[in-house]
Amino acid sequence: MSRIVLGVSGGVAAYKAAHLLRAFTEAGHDVRVVPTAGALHFVGAATFEALSGNPVTADVWSDVPEVAHVRIGQNAELVVVAPATADLLARAAAGRADDLLTATLLTASCPVIFVPAMHTEMWLHPATQDNVATLRRRGAVVLPPAVGRLTGPDSGPGRLPEPADIAALASVVLTQGPAALGHDLAGRRVVVSAGGTREPLDPVRYLGNRSSGRQGWALARVAAARGAEVVLVAAGVDAPAPFGVRVVPVGTAEELRTAMLAEAPDADVVVMSAAVADFRPATEAATKLKKGSSTEPTSVALVRNPDVLEELVRKRAPGQLIVGFAAETGDADGDVLAHARAKLARKGCDLLVVNDVSAGQVFGRSDNAVVVLGADGTATEVPLGGKDAVAAGIWAAVTPRLAAPPNG
Ligand code: CTP
């Protein structure tokens with residue numbers, strides 16, 4: 001449980017701050033909401049007070065003996081400003097202290113996350129971009145806005161990411177600090193596969209596996225937060241796309257192969273976190289297999305699926321990094337890491353993210369712990385944490401290995 005200040009500035013997306021507040025309190029955090037006067041035109045103080053269980057003021061003239069404009073910032077362990085309007089970003093970049101929220105930003109020494117939301121023109125304006133660069137240079141996290149429907153008929157970059165995405169990313173900063181969401185993947189293209197493939201037996205049945213896709217979702221979300229352009233090839237998972245991520249839905253291993261080969265050529269990083277079925281039924285019945293009928297099966301013949309990771313490695317673009325995943329158990333032939341090293345060598349990828357599934361860990365769980373093995377012999381342990389925290393740990397191991405961009 002942490003002490004979070006939720007700053008809310010005056011944009012229509014302020015209504016989503018109520019959902020974000022809910023997500024924080026449900027995760028056990030103690031939240032103090034500090035709206036601007038503009039935010040209170042959109043959402044009443046009573047809503048924030050009821051949901052946070054804490055008093056809400058926007059100006060520096062209330063609770064004067066408490067010295068609120070200093071204490072709130074000093075006591076915070078994380079400040080999240082969502083939505084952050086163009087005006088709020090400008091005032092924060094200029095170091096103004098003309099209301100309680102900006103005063104709080106000046107007195108907080110903890111990590112700060114700004115979550116911008118505004119019209120596309122305002123976001124793209126050089127003044128705003130300069131302010132964002134200034135805030136990032138000073139160590140704040142400024143998330144890229146989501147692309148989509150804005151107020152009125154407009155659409156484009158400027159939407160507030162969904163509260164669940166913001167809460168997941170805030171948990172990363174709480175545990176690992178603001179560097180975990182640095183802007184170091186800007187200009188990079190990342191392709192992630194996630195989920196589990198489904199191999200049809202007949203029109204209603206398939207052979208599948210228990211991969212939830214959550215680790216792949218988190219990898220895509222954290223890469224987008226770090227500025228990358230992200231494609232998520234999603235096998236058999238129907239969860240909402242993380243903000244800033246383009247989802248390509250697939251079913252079978254063969255469909256996943258086609259999608260990955262189409263998306264990979266101009267990617268800087270390819271991550272194969274999907275659980276790809278090694279086998280598929282040799283035939284797919286055109287009609288439902290029925291018991292007692294002439295089509296009732298007595299066994300299922302299987303054929304091998306292609307190894308997508310191996311093919312991606314074979315066809316890799318120059319300078320491209322390829323990351324594989326392996327779920328391993330130790331046995332008489334070797335421990336988890338020995339099997340994983342052998343797999344890394346066999347598959348030829350640059351990095352292998354290893355899950356120890358000996359005790360039935362990982363599948364469907366919300367936390368995870370991995371080791372990232374490098375083809376150069378390195379081993380980086382990413383300790384037990386939420387899947388977004390683990391994703392940030394994996395990106396921290398991957399990012400330093402990226403080839404320098406052509407122009408830089
Ligand atoms: N993979 C793949 N295509 C397959 C099977 C696996 O691209 N047909 C990828 C997975 O996405 C993962 C990596 O290969 O990144 C390792 O998967 P795993 O199933 O552990 O590898 P296998 O070669 O099938 O090894 P094992 O014999 O241990 O199952």
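Just so it is clear, the structure is predicted and the values come from calculations on it, not from any experiment.

## Regarding the packing of helix 9 (residues 163–176) against helix 10 (residues 214–225)
Phase 1: Where helix 9 meets helix 10, the axes come as close as 11 Å, and the angle between the chain directions of the two elements is 80 degrees. Viewed along their axes, helix 9 and helix 10 adopt a mutual orientation that is roughly perpendicular. On helix 10, the residues that touch D165, A168 and L169 of helix 9 are R221, V222 and A225.
Phase 2: Tallied by class, residues from the contact of helix 9 with helix 10 come to four nonpolar, no polar and two charged.

## What to know about the site of the ligand
Phase 1: Around the ligand, the structure places 14 residues, and the nearest of them are M272, A274, L309, K343 and K347.
Phase 2: Separating an oxygen atom of the ligand from a backbone N or O atom of F325 is a distance of 2.9 Å.
Phase 3: In this structure, K343 approaches the ligand through a side-chain N or O atom, which is 2.4 Å from an oxygen atom.
Phase 4: Taken by itself the ligand offers 570 Å² of open surface, and the protein chains cover 75% of this.

## Looking at the packing of helix 5 (residues 86–94) against helix 8 (residues 126–137)
Phase 1: As a packed pair, helix 5 and helix 8 sit with axes 9 Å apart at the nearest point and diverge in direction by 50 degrees. One finds that helix 5 runs oblique with respect to helix 8. For the element pair helix 5 and helix 8, the recorded crossing hand is left-handed. Along the contact surface, helix 5 presents A86, L89, A90, A92 and A93, while helix 8 presents T128, N131, V132, T134 and L135.
Phase 2: Of the residues in the contact of helix 5 with helix 8, the class split is seven nonpolar, three polar and no charged.

## Comments concerning the sheet that holds strand 17 (residues 351–356)
Phase 1: Pairing is mixed across the open sheet formed by eight strands, whose spatial order is 12-11-8-13-16-17-18-19. Looking at the sheet topology across the chains shown, the edges are occupied by strand 12 (245–250) and strand 19 (379–386). Along the sheet, successive strands turn relative to each other by an average axial angle of 20 degrees, direction set aside.
Phase 2: As judged from the seven bridges shared by strand 8 (residues 189–195) and strand 11 (residues 229–235), these two strands associate in the parallel manner. Of the residues in strand 11, the one forming a bridge with S193 is V233.
Phase 3: Running at roughly 145 degrees to strand 12, helix 11 (residues 253–263) makes contact with strand 8, strand 11, strand 12 and strand 13 (269–272) of the sheet.

## Some words on the pairing of strand 16 (residues 321–328)
Moving residue by residue along a regular strand, the side chains alternate between the two faces of the sheet.
Phase 1: The buried fraction of strand 16 amounts to seven of the eight residues, a majority that puts the element mostly inside the structure.
Phase 2: With four bridges joining them, strand 13 and strand 16 adopt parallel strand pairing. Across the sheet, residue V270 finds its bridge partner in strand 16, namely I322.

## As for the pattern of salt bridges
Phase 1: One pass over the full model with this rule turns up 25 salt bridges.
Phase 2: E26 serves as the salt-bridge partner of R22, at 3.3 Å between the closest nitrogen and oxygen. Here R22 and its partner E26 are both found in helix 1 (residues 14–26), four residues apart, which amounts to about one turn of the helix.
Phase 3: Here R159 makes a salt bridge to E162, at a shortest N to O gap of 3.2 Å.
Phase 4: Among the residues examined, E162 registers a relative accessible area of 38% and is labelled partly exposed.

## Brief notes about helix 4 (residues 68–75)
Phase 1: Buried within helix 4 are the following residues: A68, V70, I72 and G73.
Phase 2: Where the residues of helix 4 are buried, they touch strand 1 (3–8), strand 2 (30–35) and helix 6 (100–107).

## Considering the sheet that holds strand 4 (residues 112–116)
Strand pairing in a sheet relies on backbone hydrogen bonds. The paired strands run either parallel or antiparallel.
Phase 1: The five strands are arranged 2-1-3-4-5 in an open sheet whose pairing can be described as parallel. The open sheet has two edge strands, strand 2 and strand 5 (141–142), and neither has a second partner.
Phase 2: Here four bridges tie strand 3 (residues 78–84) to strand 4, and the two strands are oriented parallel to one another. Bridge assignment links V79 to a residue of strand 4, and that residue is V112.

Reading the values: rules and limits
Residues numbered from 1 in each chain as written. Predicted model: local features only at pLDDT ≥ 70, side-chain atom pairs only at ≥ 80, totals over all residues. Heavy atoms only, no water. Axes fitted to C-alpha atoms, helices over the stretch in contact; angles between N-to-C directions. Helix = DSSP H or I, 4+ residues; strand = E, 2+ residues; numbered from the N terminus. Parallel < 35°, antiparallel > 145°, perpendicular 65-115°, else oblique. Contact = heavy atoms within 4.5 Å. Nonpolar A, V, L, I, M, F, W, Y, C, P; charged D, E, K, R; others polar. Near = heavy atom within 4 Å. Polar contact = N/O pair within 3.5 Å; in protein donor to acceptor, adjacent residues only side chain to side chain. Areas by Shrake-Rupley, 256 points an atom, 1.4 Å probe, with all protein chains shown as cover. Left-handed = near helix turned anticlockwise from the far one by under 90°. Pairing = 2+ DSSP bridges. Buried < 20%, exposed > 50% of the residue type's maximum accessible area, 1.4 Å probe, protein only. Salt bridge = Lys/Arg side-chain N within 4 Å of Asp/Glu carboxyl O.

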